[in-house]
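Here is what each chain is made of, one letter per residue.
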Amino acid sequence: MTDDTLARYRESIDNIDAALVFMLAERFKITKAVGEHKAKTGLPPADPNRESIQIERLRSLAKSANLDPDFSEKFLRFIIDEVIHHHRKAGAGMTG
Ligand SMILES: C=C(O[C@@H]1C=C(C(=O)O)C=C[C@H]1O)C(=O)O
């Protein structure tokens, strides 16, 4: 039996997942440029002050959007850690 309601919900979920992938791709495109700039200019891969500001901002946005701020922080932390990993590799002259 087909469940049209569930199928409609899932269509929307699939669209949102696709948007997330495109948004992440754009974010990693720009952070790659940041990593190359840092490697060229000798800046450190990570900037904890900047990260604190971003996390506080995102937690506040999450609250106004009725999204769990702890989840939002974990999500951003996960992405930033991956970016820093890429920056370390760029700084060591490794691509990727
Ligand atoms: C992108 C940067 O490099 C790192 C990655 C960040 C990010 O993914 O948002 C933020 C701060 C840095 O630890 C940056 O310094 O702006």
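Residues numbered from 1 in each chain as written. Predicted model: local features only at pLDDT ≥ 70, side-chain atom pairs only at ≥ 80, totals over all residues. Heavy atoms only, no water.

1. Section: helix 2 (residues 48–64)
For the record, the criterion: Segments assigned H or I by DSSP are reported as helices when at least four residues long, segments assigned E as strands when at least two residues long, and all are numbered from the N terminus. One less than the number of residues in a helix, times 1.5 Å, gives the span that helix is expected to have. Relative accessibility under 20% of the residue-type maximum defines a buried residue, over 50% an exposed one, and the middle range a partly exposed one, all with a 1.4 Å probe and only protein chains included. The reported arc concerns the directions from the helix axis to the C-beta atoms and nothing else. It only takes one pair of heavy atoms within 4.5 Å for two residues to be counted as in contact.
Taking 1.5 Å of rise per residue, 17 residues should cover 24 Å, and helix 2 covers 24 Å from first to last C-alpha, within 8% of that figure. Residues E51, Q54, I55, R59 and A62 constitute the buried set of helix 2. Across the axial projection of helix 2, the buried residues extend over an arc of 135°, all falling on one side. Among the exposed residues of helix 2, those oriented more than 90 degrees off its buried face are N49, I53, R57, K63 and S64. Among the structural elements, helix 1 (4–41) and helix 3 (69–91) are those in contact with the buried residues of helix 2. Once helix 2 finishes, N66 follows within two positions and takes phi at roughly 65°, a positive value.

2. Some remarks on a nonpolar patch on the surface
Our working rule: Here, patches come from residues exposed beyond 30% relative accessible area and free of salt bridges, joined within 9 Å for like charges and within 5 Å for nonpolar side chains (Val, Leu, Ile, Met, Phe, Trp, Tyr). In these tables, accessible area is a Shrake-Rupley quantity obtained with a 1.4 Å probe, and a residue counts as shielded only by the protein chains included in the view. Salt bridges are identified by distance alone: a Lys or Arg side-chain nitrogen within 4 Å of an Asp or Glu carboxyl oxygen.
Residues L6, Y9 and I13 make up a contiguous nonpolar surface patch of about 300 Å² in total accessible area. With respect to the helices and strands, the residue Y9 is situated in helix 1.

3. Side note on the site of the ligand
Cut-off, in case you're wondering: Any residue with a heavy atom lying within 4 Å of a molecule or strand is counted as near it. What qualifies as a polar contact is a pair of N or O atoms within 3.5 Å, subject to a donor-acceptor requirement within protein and to the restriction that residues adjacent in sequence count only when both atoms come from side chains.
Not every one of the 13 residues close to the ligand is listed here, only the nearest: R27, K38, D47, E51 and Q54. A distance of 2.8 Å separates an oxygen atom of the ligand from a polar atom in the side chain of R27. Residue E51 places a side-chain N or O atom 2.4 Å away from an oxygen atom belonging to the ligand. The fraction of the free accessible surface of the ligand (360 Å²) that becomes covered by protein chains is 89%. Those elements giving two or more residues to the shell around the ligand turn out to be helix 1, helix 2 and helix 3.

4. What about unusual backbone geometry?
Among all residues save glycine, negative phi is the norm, and among peptide bonds the norm is trans. In this model, N66 sits at a positive phi of 65°, which is unusual for a non-glycine residue. Following the sequence through the fold, N66 ends up in the loop between helix 2 and helix 3.

5. Some remarks on the environment of I55
Mapped onto the fold, I55 is located in helix 2. A C-alpha to C-alpha distance of 11 Å links I55 and F71, two positions 16 residues apart in sequence.

6. Structural notes on the environment of A25
For A25, the location among the structural elements is in helix 1. A relative accessible area of 41% means that A25 is categorised as partly exposed. Along the sequence, A25 and R88 sit 63 residues apart, while their C-alpha atoms lie 19 Å from each other.

7. Details of the packing of aromatic side chains
To be explicit about the condition: Two aromatic rings from Phe, Tyr or Trp, using only the six-membered ring of Trp, form a pair when their centres are within 6.5 Å; if the ring planes differ by under 30 degrees the pair is stacked, by over 60 it is edge-to-face, and anything between is tilted.
Inspection of the entire model under this criterion finds one aromatic pair. Between F71 and F75 the ring centres are 6.1 Å apart and the planes differ by 20°, which places this aromatic pair in the stacked class. Here F75 and F71 lie together in helix 3, a separation of four residues that amounts to about one turn. Residue F75 is classed as partly exposed on the basis of its relative accessible area of 40%.

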